[in-house]
Amino acid sequence: MKKIVLLLSVIFIFTACSTTKNSEPATAEELYNKGYEELNKTSYLKAAATFEKIELEHPYSRWATKAKIMSAYAYYKDQKYDDAILSLDRFIRYHPGNKDIAYAYYMRGLCYYEQIVGIEKDQGTTKNAFDAFNQVIIRFPESEYAKDAKLKMNLIVDHLAGQEMEVGRFYLNKQNYLSALNRFSEVVNNYQTTGHIEEALYRQAEVYKILGLNKEFNDSIKVLKYNYPESKWYKRARKL
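All of the points below concern the structure found in this document.

What counts as what
Residues numbered from 1 in each chain as written. Predicted model: local features only at pLDDT ≥ 70, side-chain atom pairs only at ≥ 80, totals over all residues. Heavy atoms only, no water. Helix = DSSP H or I, 4+ residues; strand = E, 2+ residues; numbered from the N terminus. Contact = heavy atoms within 4.5 Å. Lys, Arg positive; Asp, Glu negative; His and termini not counted. Charge placed at Lys NZ, Arg CZ, Asp CG, Glu CD. Core = buried A, V, L, I, M, F, W, Y, C linked by side-chain atoms within 4.5 Å. Buried < 20%, exposed > 50% of the residue type's maximum accessible area, 1.4 Å probe, protein only. Salt bridge = Lys/Arg side-chain N within 4 Å of Asp/Glu carboxyl O. Axes fitted to C-alpha atoms, helices over the stretch in contact; angles between N-to-C directions. Parallel < 35°, antiparallel > 145°, perpendicular 65-115°, else oblique. Left-handed = near helix turned anticlockwise from the far one by under 90°. Nonpolar A, V, L, I, M, F, W, Y, C, P; charged D, E, K, R; others polar. Expected span 1.5 Å × (residues − 1). Arc of directions from axis to C-beta.

Along the protein, the regular secondary structure elements total twelve helices and zero strands. Along the protein, from the amino end to the carboxyl end, the secondary structure elements read α-α-α-α-α-α-α-α-α-α-α-α. Its C-alpha atoms put the protein at 105 × 50 × 25 Å along the principal axes. Residue pairs in contact within the protein that sit at least 24 positions apart in sequence constitute 50% of those at least 6 positions apart. With 35 positive and 30 negative side-chain charges, the protein shows a spacing of 3 Å between the two charge centroids.

Within the secondary structure layout, Ser-231 lies in the loop between α11 (214–227) and α12 (232–237). For the pair Ser-231 and Glu-198, spaced 33 residues apart in the sequence, the C-alpha separation amounts to 7.4 Å.

For the rest of this paragraph, the subject is the nonpolar core. Ranked by internal contacts, the top residues of the largest apolar core, which has 66 residues, are Phe-51, Ile-54, Tyr-76, Leu-88, Cys-111 and Phe-133. Every residue in contact with Leu-88, bar those within four places of it in the chain, is listed here: Ile-69, Ala-72, Ala-104, Met-107, Arg-108 and Cys-111.

Glancing now at the pattern of salt bridges. Throughout the structure, instances matching the rule amount to 13 salt bridges. One salt bridge in this structure joins Asp-89 and Arg-108, with 2.7 Å as the shortest N-O distance. Placement of the pair is Asp-89 in helix α5 (residues 81–94) and Arg-108 in helix α6 (residues 101–113), with a sequence separation of 19 residues. Exposure remark for Arg-108: the relative accessible area of 22% places this residue in the partly exposed category. A salt bridge links Asp-100 to Lys-99; its shortest N-O distance comes to 3.4 Å. Residue classification places Asp-100 among the partly exposed residues on the basis of a relative accessible area of 25%. Through salt bridges with shared partners, a single network forms among Glu-166, Arg-169, Glu-199, Arg-203 and Glu-206.

What follows covers the packing of helix α8 (residues 146–173) against helix α10 (residues 197–211). The geometry of α8 relative to α10 is characterised by a closest axis approach of 12 Å and an angle of 25° between their N-to-C directions. By the angle between their axes, α8 is roughly parallel relative to α10. The two elements α8 and α10 cross, and the hand of that crossing is left-handed. Counted together, Met-165, Arg-169 and Leu-172 of α8 and Glu-199, Ala-200, Arg-203, Glu-206, Val-207 and Ile-210 of α10 form the full contact between these two elements. Looking at the contact of α8 with α10, its residues break down into five nonpolar, no polar and four charged.

Interaxial distance between α5 and α6 falls to 10 Å at its minimum, and their mutual angle equals 155°. Considering their axes alone, α5 and α6 lie roughly antiparallel with respect to each other. Classified by chirality, the crossing of α6 by α5 is left-handed. Residues Tyr-81, Ala-84, Ile-85, Leu-88, Asp-89, Phe-91 and Ile-92 of α5 touch α6, and the partners they reach there are Ile-101, Ala-104, Tyr-105, Met-107, Arg-108, Cys-111 and Tyr-112. In terms of residue class, the contact of α5 with α6 is built from twelve nonpolar, no polar and two charged.

One non-glycine residue, Thr-42, lies in positive phi territory at about 60°. If you trace the backbone, Thr-42 turns up in the loop between α2 (28–40) and α3 (44–57). Of note, Gln-175 is a non-glycine position whose phi angle comes to about 60°, a positive value. In this structure, Gln-175 sits in the loop between α8 and α9 (177–190).

An α-helical turn contains 3.6 residues, so a residue and the one three or four places further along point in the same direction. Helix length check: helix α7 (residues 124–139), at 16 residues, gives a terminal C-alpha distance of 23 Å against a target of 22 Å (1.5 Å per residue), a fit within 8%. When we look at burial in α7, the residues that qualify are Thr-126, Ala-129, Ala-132, Phe-133 and Val-136. Seen from one end, α7 has its buried residues packed into an arc of 125°, which puts them on one side. Against the buried residues of α7 lie α6 and α8.

Shown next, in the form of structure tokens:
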């Protein structure tokens, strides 16, 4: 029995030594190719882990820089937006002159944009998306990402105006007229290019009428008539 145990021990030691001797650590390029294959197979978390392994094991290779942006993309595809943003922030901090820097800023905006929630909820992420896309336009106005960033910013602005209108209507129904007026005035003053401006002018006039502020009421009606004479909201305003 002792001989068998000894023999097994010798085999285990020989195998371990053989494995250690023959298996070389993967190069940065090999890890990158592996991560890319995992990405194509939609194994996004595995791909992200592989790309991050390049940063740990080969931090000074040219593949490490590419791996940062690729790990961020893998997290983004898996909807792990917080992890993606961390990777992108790291890339932006350490590689501000890289050829992919505009893409990094743009993808950061996408991570926030795809987390935008309905107008009935807090819009902190919406505002973060707006700020992130604004950075793309300011820093890289001639890049291929600026046009789409601008389009998404317009959609975000309309979304934020929609939330102001929703809250304003809520206050109006609760007869909290001053709070409602503040919300409608916010849209009139700061969201004039959105599709909510016509209703905002009407609601503003409606509240002025309720509060007995005749001059302000007449001014709002004039603005509505001048800018949107064919609007259904102006037609409703004439009945006030």
